[in-house]
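Residue-level structure breakdown
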Amino acid sequence: MKKGKFIVVEGGDGAGKSSQLKRLKEELGEAVVITREPGGSQYAEEIRNLILKSPHAKQADAKTLFALFWAARADHLKNTVLPALERGITIISDRFDSSTFAYQIYGQEAKELEKFFWTIRDFYLGEIRPDLYIYLDVDIETGLRRKAGQGEDENNHFDAKKLDFHKRMREGFMQFLTRVPHVIIDANQSVESVRKNLKKALSLSL
């Protein structure tokens, strides 16, 4: 059986990727598996809660979070991503290793982890490499205003970081994308324009 495609959708906070993927799932149904990180499998979802919801999470340094994200990713790959690909189903992940690179190495300023990132990536991913990364690029201040308007239930301690953190994070995404197949979509456009461009990028990669 032909393996399915593995696509990652990324973006700065407030870029609208999760909303776009929710709508896409409503349209495509069982034709694709849409998942997320951190999370995407039962054990990885428990680690997600530890990363994002623990009252102690905001004091965790980059090295601690880096390890937790890779632990969650290992379970996600084993129990969700690989089984879907082997069934010939396309899987689309809302965030993946690109976020670890951008948030921890650049956002949290742990550049000493950069070389190790590519080593551990080879170890954990093996042959399971995303076929395409789609980055929804939104103006940082615009994105943060959008995110703030979503309400507390949707926010986490990363959203409370200062503007400089988010600027570094975007720089990290741009650096990561130089190493992988990718498409960048202007997410400052209307929701419908972004949706149209996202579907175009997906159709070209399938």
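All figures in this text were calculated on a predicted structure; none of them were measured in a lab.

What counts and how
- Residue indices begin from 1 for each chain and proceed along its sequence in written order.
- Where local features are concerned, this predicted model is filtered to residues with pLDDT of at least 70; where side-chain atom pairs are given and counted, the filter is 80 or more; whole-chain, interface and lining totals use all residues.
- Each side-chain value is worked out from all heavy atoms of the structure, with water and hydrogens disregarded.
- To qualify as a helix, a DSSP run of H or I must reach at least 4 residues; to qualify as a strand, a run of E must reach at least 2; elements of each kind are numbered from the N terminus.
- In this description the radius of gyration comes from C-alpha coordinates, and the expected globular size is given by 2.2 Å times residues to the power 0.38.
- The classification of residues rests on relative accessible area computed with a 1.4 Å probe and restricted to protein chains. Under 20% of the type maximum is buried, over 50% is exposed, and intermediate values are partly exposed.
- In this analysis, two residues are considered to be in contact whenever any of their non-hydrogen atoms come within 4.5 Å of each other.
- Accessible surface is estimated by sampling points in the Shrake-Rupley manner with a 1.4 Å probe; for residues, cover comes only from the protein chains shown.
- What the arc describes is the spread of directions from the helix axis to the C-beta atoms.
- In this analysis an axis means a line fitted to C-alpha atoms, helices contributing only their contacting stretch, and an angle means the value between N-to-C directions, from 0 to 180 degrees.
- Each angle gets one of four labels, with under 35 degrees taken as roughly parallel, over 145 as roughly antiparallel, 65 to 115 as roughly perpendicular, and the rest as oblique.
- Helix crossings get a hand from a simple test, with the near helix turned counterclockwise from the far one by less than a right angle marking a left-handed crossing and a clockwise turn marking a right-handed one.
- In this count, Pro and Cys sit with the nonpolar residues alongside Ala, Val, Leu, Ile, Met, Phe, Trp and Tyr, while Asp, Glu, Lys and Arg are called charged and the others, Gly among them, polar.

Brief notes about the overall build of the chain
Along the chain, the regular secondary structure elements total eight helices and five strands. For the chain, the succession of helices and strands along the chain, N to C, is β-α-β-α-α-β-α-α-β-α-α-β-α. Here the chain has a C-alpha radius of gyration of 16 Å; the compact-globule value for 206 residues is 17 Å, and the two agree. Looking at the chain residue by residue over its 206 residues, the buried ones come to 49%. In the chain, of all internal contacts separated by at least 6 residues, the share reaching a separation of at least 24 is 80%. For the chain, the exposed surface amounts to about 10,700 Å²; the carbon and sulfur share of it is 50%.

Focus on the environment of V32
In this fold, V32 is placed in strand β2 (residues 32-36). Between the alpha carbons of V32 and G14 there is a distance of 24 Å; along the sequence they are 18 residues apart.

Section: helix α2 (residues 42-52)
In an α-helix, one turn spans 3.6 residues; hence positions three or four apart end up facing the same way. Taken together, the buried positions of α2 are A44, I47, R48, I51 and L52. The buried residues of α2 occupy an angular sector of 120° when projected down its axis, which confines them to one face. Opposite the packed face of α2, turned more than 90 degrees from it, sit the exposed residues Q42, Y43 and E46. At its buried positions, α2 is contacted by β2 and α3 (62-86).

Quick look at the packing of α2 against α3
Across the interface, α2 lies against α3 with an axial gap of 8 Å and an inter-helix angle of 160°. Between α2 and α3, the interaxial angle falls into the category roughly antiparallel. For the element pair α2 and α3, the recorded crossing hand is left-handed. Contacts between α2 and α3 involve Y43, A44, I47, L50 and I51 on the former and, on the latter, L65, L68, F69, A71, A72, D75 and H76. Within the contact of α2 with α3, the residues separate by chemical class into ten nonpolar, one polar and one charged.

What about the packing of helix α4 (residues 97-107) against helix α5 (residues 114-125)?
In the contact formed by α4 and α5, the axes pass within 11 Å of each other and the chain directions differ by 155°. When the axes of α4 and α5 are compared, the pair comes out roughly antiparallel. Like other packed secondary-structure pairs, α4 and α5 cross with a definite hand, here right-handed. Each of D97, T100, F101, I105 and Y106 in α4 lies in contact with α5, whose residues at this interface are E114, F117, W118, R121 and L125.

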